[in-house]
Amino acid sequence: MSLQRRLMLYLLICAPLVWAVAVLVSVQRARHEVNELYDTELIRLSRQVQSLLVNSDAPGKALPAARSAGEADLRDLAIAVWDGKGELLLVDREGAQLPRRADTSGFVDMRLGGSPWRVYYLQAPHNEWLVAAGQRSAERGEMVRNLVGGQLAPWLISLPVLLLVVGWAVRRALAPLHALTADLQ
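Everything numeric in this text was worked out from a predicted model, so none of it was measured. (Residues numbered from 1 in each chain as written. Predicted model: local features only at pLDDT ≥ 70, side-chain atom pairs only at ≥ 80, totals over all residues. Heavy atoms only, no water.)

1. Notes on the pattern of salt bridges
Where charged atoms from two side chains of opposite charge come close, those side chains can pair. A complete count under the given rule lists six salt bridges for this structure. Among the salt bridges present, the one from Glu33 reaches Arg29, with a minimum N-O distance of 2.8 Å. Placement of the pair is Glu33 and Arg29 together in helix 1 (residues 3-55), with a separation of four residues, close to one helical turn. Its salt-bridge partner being Asp76, residue Arg136 comes within 3.1 Å of it at the nearest N-O pair. On the criterion of sequence distance, the pair formed by Arg136 in strand 5 (residues 129-136) and Asp76 in the loop between helix 1 and strand 1 (77-83) is long-range, its members being 60 residues apart. What makes Arg136 partly exposed here is its relative accessible area of 21%. Since its relative accessible area comes to 24%, Asp76 is described here as partly exposed. (Salt bridge = Lys/Arg side-chain N within 4 Å of Asp/Glu carboxyl O. Helix = DSSP H or I, 4+ residues; strand = E, 2+ residues; numbered from the N terminus. Buried < 20%, exposed > 50% of the residue type's maximum accessible area, 1.4 Å probe, protein only.)

2. Some remarks on the pairing of strand 5
Of all eight residues in strand 5, seven are buried, a share of seventy percent or more. The pairing of strand 1 with strand 5 spans seven bridges and is antiparallel. Along strand 5, the bridge assignment pairs Asp83 with Trp129. Here seven bridges tie strand 4 (residues 115-123) to strand 5, and the two strands are oriented antiparallel to one another. (Pairing = 2+ DSSP bridges.)

3. Topic: helix 2 (residues 137-184)
Between its first and last C-alpha, helix 2 extends 67 Å over 48 residues, near the 70 Å set by a 1.5 Å rise per residue. A maximum bend of about 45° is found in helix 2 at Ala175, where proline Pro176 lies one to four positions downstream. Structurally, helix 2 contributes buried residues whose contacts are with helix 1, strand 4 and strand 5. (Expected span 1.5 Å × (residues − 1). Bend = angle between axes of the 7 residues up to and from the residue. Contact = heavy atoms within 4.5 Å.)

4. Focus: unusual backbone geometry
At Asn127, a residue that is not glycine, the phi angle is positive and equals roughly 60°. By secondary structure assignment, the location of Asn127 is in the loop between strand 4 and strand 5.

5. Regarding the pairing of strand 3 (residues 106-112)
Pairing analysis gives seven bridges linking strand 3 to strand 4, with the strands arranged antiparallel. Bridging across to strand 4, Gly106 finds its partner in Tyr121. Between strand 3 and the antiparallel strand that follows it, strand 4, lie two residues; Gly113 among them carries a positive phi value of about 60°.

Set out below in C-alpha cells:
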C-alpha cells in the first residue's frame with residue numbers, strides 16, 4: 001500500500017472518530033449546562049414560594065391552587081407545599097402528584113406518572129412547611145437535543161468537506177515525493 005493511501009486511510013478513520021468524540025463531549029457539556037440552569041430555576045421557584053409563605057398574613061391557611069393558563073400552561077413544572085403536620089397548603093395541577101418527603105432536602109430524581117422528574121425539596125427553617133418544586137426530565141432532554149442539534153448540522157455538512165480538503169492537501173504534500181519516485185524509477 002502506498003504512503004498516500006495509508007495516510008488517506010488513517011485520516012478517513014481518525015477524523016470521523018475525533019469528530020464523534022467531540023460531539024459526545026458537546027452533548028455532555030450541554031446536558032450539564034441545561035441541568036445547572038433548570039436546577040437553579042427550581043431552587044429560585046422554591047425560595048420564592050417560601051418567601052410568599054413567610055410574608056403571608058395567614059401562614060397555615062390553605063392557599064388557592066394555580067389556575068390553568070390555557071395553551072401557555074407549563075405541564076412540565078409542578079409545585080406543592082405542605083405544613084409541618086403534612087397538610088397540603090398549595091398545589092398546582094401537576095404538583096398534586098409530587099410526594100411529600102418530610103425528611104428530604106435538596107434534589108431528588110424520581111418517576112411520577114410513568115415519566116422521570118427532578119424535584120427540589122426546600123425545608124422551612126423550623127419545619128413550618130415543606131416546598132417541593134419539580135420538572136419533567138423530558139424538558140431538559142429536549143433542550144439538550146435542540147442545543148446539540150443546532151450545532152450538529154454544520155458539523156455534519158463540514159465533515160465531508162474537511163475530508164475532501166485533507167485528501168487534496170495530502171496529495172499536494174506528497175506530490176514532490178511522487179515526482180522523486182518517478183525520477184528514481
